[in-house]
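# An overview of the molecular structure
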Amino acid sequence: MKHPIVLLAICTMLSSVLAAQSIHLLEPASGYYAEMQDLDSKPNASRSELDKISYPTGKVSGKQFIGLEPSYLSQDQVDQLKSFVQYPANSSDQTRAELDYLLNWQEKRTSAEKKRAMEIARVGYWPPLKKDGDYGNVEALFWECQEVMGSDCTVSQYPATMHLLAGVTRDMRIMEFTVKFHLMRPRPYHLEPKLDPMGRVSNPSFASGHTLWAYIQAFTFSELIPNKRKDFLDIAFEVGESREIMGIHYPSDEEAARILAHRMLVLMSENPEFRQDMEAAKKEWSS
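This write-up is about the structure you can find in this document.

## So, the environment of M268
Along the polypeptide, M268 turns up in helix α11 (residues 251–268). As a C-alpha pair, M268 and A117 span 151 residues in sequence and 30 Å in three-dimensional space. Each residue touching M268, except ones within four places of it in the same chain, is listed here: Y72, L73, V168, D171, I216 and F274.

## Notes on unusual backbone geometry
In this structure, the amide linkage connecting F206 to the following residue, A207, adopts the cis form with an omega of -5°. Phi at M184 is positive, roughly 55°, even though this residue is not glycine. Note on placement: M184 falls in the loop between α7 (159–183) and α8 (188–191).

## Section: the packing of α7 against helix α9 (residues 209–224)
Two elements in contact, α7 and α9, have axes whose closest approach is 10 Å; the angle formed by their N-to-C orientations is 150°. Classified by the interaxial angle, the pair formed by α7 and α9 is roughly antiparallel. Judged by the twist between their axes, the crossing of α7 over α9 is right-handed. Contact residues: T161, L164, L165, V168, T169, M172, R173, E176 and K180 in α7; G209, L212, W213, I216, Q217, T220, F221 and L224 in α9. A breakdown of the residues in the contact of α7 with α9 according to their chemical character gives 9 nonpolar, 5 polar and 3 charged.

## Observations regarding the environment of A218
Among the structural elements, A218 can be located in helix α9. Taking the C-alpha atoms as reference points, A218 and A261, 43 residues apart in sequence, are found 9.5 Å from one another. Other than its neighbours up to four places away in sequence, A218 contacts E144, F232, L233 and A236.

Quick notes on the rules
Residues numbered from 1 in each chain as written. Predicted model: local features only at pLDDT ≥ 70, side-chain atom pairs only at ≥ 80, totals over all residues. Heavy atoms only, no water. Helix = DSSP H or I, 4+ residues; strand = E, 2+ residues; numbered from the N terminus. Contact = heavy atoms within 4.5 Å. Axes fitted to C-alpha atoms, helices over the stretch in contact; angles between N-to-C directions. Parallel < 35°, antiparallel > 145°, perpendicular 65-115°, else oblique. Left-handed = near helix turned anticlockwise from the far one by under 90°. Nonpolar A, V, L, I, M, F, W, Y, C, P; charged D, E, K, R; others polar.

Right under this line is the structure:
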């Protein structure tokens, strides 16, 4: 007969595996994001000067979220995830192709695309610095839902969903800036002087924070409303693409954010509190 402690360990491990299995699998990369995976991400000696460039020190934003207590992830998981994704070398063939891709967007972007990109840029949920503080601007948590499901998707209609999203997005902000300041990737316009971005951002490029929140919320909503998964992922894709239209993110920033968001949700699903909050939110959508 197995020792009780061993049995407990096995049960805990199986519970974690089953929880992770309950999250939809990550879709493969598509479009240009799939194409760039075939490009060489290693340093290219002919452009070696670019590898000396990192995000400039000075006035930065977002560092106040690093080290905050997460809602669903453990601090060990945050520390592990900060190296889960890596960006291609500044001098690499991949980065050069991505910069050319952004220059092409700069040439072809329409007034309507620029207007929409700026509208998306203004969306964002900023959690309180204290875990038990006021939720903050919770209306922003339902932006994606309103884009897909309509204006009835509100905080007052779905309070348990709001609570879940607030926790998920708190962890997303912690993860976003932990990764950014760990890797210090320069923005595209730091490497390519021909880029004329639609704005400049006071923190490192990798990974894209807008895209990280867009995908982690899309993945969360698609667990609540599975038949709308494609619609939510389409919105998240648009958010990522809007950052390229603006000239402030490389495509690899978006793809890394998509991968990281999914991995975060899988790890969150190992947490009993997350599973409890997810079930409470599901009940709101099944009634």
